[in-house]
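For reference, the chains in residue letters:
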Amino acid sequence: MTAPLVVSALAKSFGRHAVLAGIDLEVQSGETVALVGPNGSGKSTLLGCICGTVIPDAGSIHVAGHDLFREPILARHGLRYLPQEVEVPDGLTGREFLAFYADVYGVPEAAAEAEARSGLGEAIERLASTYSVGMRRRLGFAAALAGLVPPRAAGPRLLVLDEPFAGVDDDGRALMRDLLGQARRHGAGLLVAAHERDLRELEAFSPRLVTLGQDRPKG
Amino acid sequence: MAAPLWRTVLRRMDRGDWADWAVPALVAALWATLLRVTDPAALGLRQTLVALGGPTVLLAGLHARCFGYLHAPHRERALVLPIPGAEHFAAARRQHRRAWWRSFAVGTVALGLALGTDLRTPTGLGLLADWCVFVVIAMGVEPWIPAVGAALGRRFPQGSPITALQRSMGGGWTLPEAVIHLYAPALGLGVAMALALPGQLAIDRFAQGLSVPQGLVIAALLGVLLGTLATPLAPHLYARGVFQAVPFLSEAQKTLAGPAVPEPSPVWLRALPTPGLRLWALQFVRLTPVPTLRLLLLVVAVPLAWKSPSLPLGLALVGAASLLWLLPARAVARLRPARRRWLAALPVAPALREGRNPAAQALLGLPVALALLVALAGWIRP
């Protein structure tokens, strides 16, 4: 079966500073991989490369069996991303934001369940730009899972999460844990950039740890 | 000695906006069209049109010109810093002055197009001088609008006559402290008109070869002196109230705006073929002011341009209406970096992932292209 994510010999430098060098990584269906490492170790850069927001210097990335650069649309159909800071476009309500996501992934019927899953209640009708950090995260999480839990389309799926529990209250964390568990049971691979606190939240998923930046001097 | 860095930064926060010249430009084009179609022999009517049209042109951009003093979000944010009120005034005043020059320029060009060869006659020059006298006095009076707004936009002790006035003039539907901002702009321009009137009357009599009474000359000079020489006092008045007036005004705006639940998205949006286009159109509808009215103005400008007796004037009319339709879309264009970050990981077309949206640009330009085509057809008709 095709793995949700296969990264081979990935390299990325900013000027002379090599942030990633020869990274190989695979995430299988139903597996949880936690990316750990100190600040500046390249976690966000690696996630950026996988999501197409950062262009690597060398290497290849296959998402759901599709080359991220040769088949960008197909690869992105297999990818869901929750960034550390959820960007909400100006002028859209929470409901419209979720409807847009569901529409883009070709599962418009998933918008209503994403709305219920967000737990935002009546605030879903408000402009998303007025939401607090925690509310934005809930919204981003619900958007990322639209059509993924339960799955609306066949094929492998990768869920990429950048410090998903930051700024979320206890109820929100419990909800997110539950939904991540469901996504995993439905066969999605989870790739999580994590700090220590996030690792505690992920314990139930027995994550495989991948440590970045070990060979670099600290301080 | 170089200005401190904070002053430079503070002044950079106040930047010009399309509204401070595009809206006056459209009003000026309409004003010029109206002047152009009046009979040159009807001098009284033309003088009235100049006396009323000038203030209308300035009124159209007044809020945008004075926005930086009390209304701008960056002003509210900067108030947490230990910066004297007069510095805030100076920062906003720079932008105000630039915007005033832009309004003056569009008004003068419009008047020049309307009067045409009449400018070679004393009466034509008199009309131009009427406009100039009013604009100069208005520039002196306008800084008093935020100054009085700041001074009276504070909370006064219970029982004070100002508190009673704030309550009675607000009618209970906004904060009493913010009531002054409903009246100050019109009052300010009204004062400028009143101060300019003796000067305009004196100029008109002189242009017609009539004698100018000494009393009228003194009144005209007093008007100009009062309007311009008292301006340096405005920052002091502003500084007394700005730290209270800005938070009260902001609170009043939030209260008036109600909860952040927008109007439902228009039904026609569903007819657009792609999610990217629907997203752009929704942002355009929500983030640009009165889009339907702006489109309507463009539609109305076309027959007016068609009928216009002067090609440059018709062009100015359609051009101003087109700019008014297009320029606010910069609010959506400015979101490009955010859109790029947001859409990069989504399965959308490459152009959209880069934050561009060619289909949306075409949709935006379509009414302008149609308006120009129709107007051109009118001008080249036999």
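Since the model is a prediction, treat every value here as computed from it, not as a measurement.

J.: Before we go on, may I ask you to explain the sheet that holds strand β2 (residues 17-27) of chain A in this structure?
T.: All names here are of chain A. In space, the four strands of this open sheet follow the order β2-β1-β4-β5, with antiparallel pairing throughout. Two strands close off the open sheet at either side, each with one partner strand: β2 and β5 (66-67). As judged from the seven bridges shared by strand β1 (residues 5-14) and β2, these two strands associate in the antiparallel manner. Bridged to Leu5 within β2 is Val27. Along the sheet, helix α1 (residues 43-51) makes contact with β1, β2 and β4 (58-63), crossing β1 at roughly 120°.

J.: Help me out: how do you make sense of helix α13 (residues 291-307) of chain B in this one?
T.: Since the α-helix turns once every 3.6 residues, residues separated by three or four places project in the same direction. Residues and elements named next belong to chain B. Under the 1.5 Å per step criterion, the end-to-end length of α13 is 25 Å for 17 residues, consistent within 8% with the ideal 24 Å. Burial in α13 covers these residues: Arg294, Leu298, Ala301, Val302 and Ala305. Looking at the buried side of α13, the elements it contacts are α14 (311-326) and α18 (358-379).

J.: Any chance you could explain the nonpolar core here in plain terms?
T.: One broad trend across soluble globular proteins is that nonpolar side chains are buried collectively. Ranked by size, the top nonpolar core spans 86 residues in total, and within it Leu26, Ala29, Ala32 and Ala110 of chain B carry the most contacts. Residue contacts for Ala32 of chain B: discarding those within four places in its chain leaves Ala110, Leu111, Leu113, Ala114 and Leu313 of chain B. Of all hydrophobic cores here, the second largest spans 84 residues; its members include Leu46, Ile50, Ala75 and Val104 of chain A.

J.: Please explain the interface of chain B and chain A as it appears in this structure.
T.: Much of the literature gives interface size as the accessible area that the parts lose upon coming together. Taken together, the contacts link 22 residues of chain B with 24 residues of chain A. At the level of secondary structure, the elements contributing two or more residues to the side of chain B that touches chain A comprise α12 (275-287) and α16 (336-343) of chain B. In terms of residue count, α12 of chain B provides more of the side of chain B that touches chain A than any other element does, six residues in total. Here the side of chain B that touches chain A is composed, by residue class, of 17 nonpolar, two polar and three charged.

J.: Got a minute to help me understand the sheet that holds strand β6 (residues 79-82) of chain A in this structure?
T.: Residue and element names in this part refer to chain A. If you walk across this open sheet you meet the five strands as β6-β7-β8-β3-β9, and the pairing is parallel. Where the open sheet ends on each side, the last strands, each with one partner, are β6 and β9 (208-211). Across the sheet, the axes of successive neighbouring strands diverge by a mean angle of 20°, strand direction being ignored. As paired elements, strand β3 (residues 32-36) and strand β8 (residues 189-193) share four bridges and run parallel to each other. Across the sheet, the residue bridging to Ala34 is Val192, located in β8. The strands touched by α1 are β3, β6, β7 (158-162) and β8; relative to β7, the strand with the most contacts, the crossing angle is about 145°.

Conventions adopted
Residues numbered from 1 in each chain as written. Chains lettered and ligands numbered in written order. Predicted model: local features only at pLDDT ≥ 70, side-chain atom pairs only at ≥ 80, totals over all residues. Pairing = 2+ DSSP bridges. Helix = DSSP H or I, 4+ residues; strand = E, 2+ residues; numbered from the N terminus. Contact = placed C-beta atoms within 7 Å. Axes fitted to C-alpha atoms, helices over the stretch in contact; angles between N-to-C directions. Expected span 1.5 Å × (residues − 1). Buried ≥ 20, exposed ≤ 12 C-beta atoms within 10 Å, placed from the backbone. Core = buried A, V, L, I, M, F, W, Y, C linked by C-beta atoms within 7 Å. Nonpolar A, V, L, I, M, F, W, Y, C, P; charged D, E, K, R; others polar.

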